[in-house]
Amino acid sequence: MHPLLVLLAFTVAAVATYAVVLGLLTAASVVPRDRGEGQASEEPGLRHDGEHAGH
């Protein structure tokens, strides 16, 4: 196969892989995950009064 065709094939494969991985990471960060039973609905270090839990 011609060397330029090999380079083009690898470039297209790399760009396609990058696009798929970026799309999956974006989808994973946007879609809210279901919380399991018994897990808290807030992060453990956050409180509603605006103070840190360590104070």
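Details of the structure are given in the entry above.
Everything quoted here is computed from the prediction, not taken from an experiment.

Overview of the overall build of the chain
Then step 1. Helices and strands together make up the secondary structure of the chain, namely 1 helix and 0 strands.
Then step 2. Considering the chain as a whole, with its 55 residues, one finds that 0% of them fall into the buried category.
Then step 3. Carbon and sulfur atoms make up 67% of the accessible area of the chain, which amounts to about 5300 Å² in all.

Some words on a nonpolar patch on the surface
Then step 1. Together, Met1, Leu5, Val6, Leu8, Phe10 and Val12 line one region of the surface with nonpolar side chains, adding up to about 660 Å² of accessible area.
Then step 2. For Val6, the position within the fold is in helix H1 (residues 3-30).
Then step 3. Given a relative accessible area of 31%, Val6 falls into the partly exposed group.

Thoughts on the environment of Thr26
Then step 1. The residue Thr26 is located in helix H1 in this model.
Then step 2. Residue Thr26 is classed as partly exposed on the basis of its relative accessible area, which comes to 41%.
Then step 3. At 2.8 Å, the side chain of Thr26 forms a polar contact with the backbone oxygen of Leu22.

Rules used throughout
- Residues numbered from 1 in each chain as written.
- Predicted model: local features only at pLDDT ≥ 70, side-chain atom pairs only at ≥ 80, totals over all residues.
- Heavy atoms only, no water.
- Helix = DSSP H or I, 4+ residues; strand = E, 2+ residues; numbered from the N terminus.
- Buried < 20%, exposed > 50% of the residue type's maximum accessible area, 1.4 Å probe, protein only.
- Areas by Shrake-Rupley, 256 points an atom, 1.4 Å probe, with all protein chains shown as cover.
- Patch = residues over 30% accessible without salt bridge, like charges linked within 9 Å, V, L, I, M, F, W, Y side chains within 5 Å.
- Salt bridge = Lys/Arg side-chain N within 4 Å of Asp/Glu carboxyl O.
- Polar contact = N/O pair within 3.5 Å; in protein donor to acceptor, adjacent residues only side chain to side chain.

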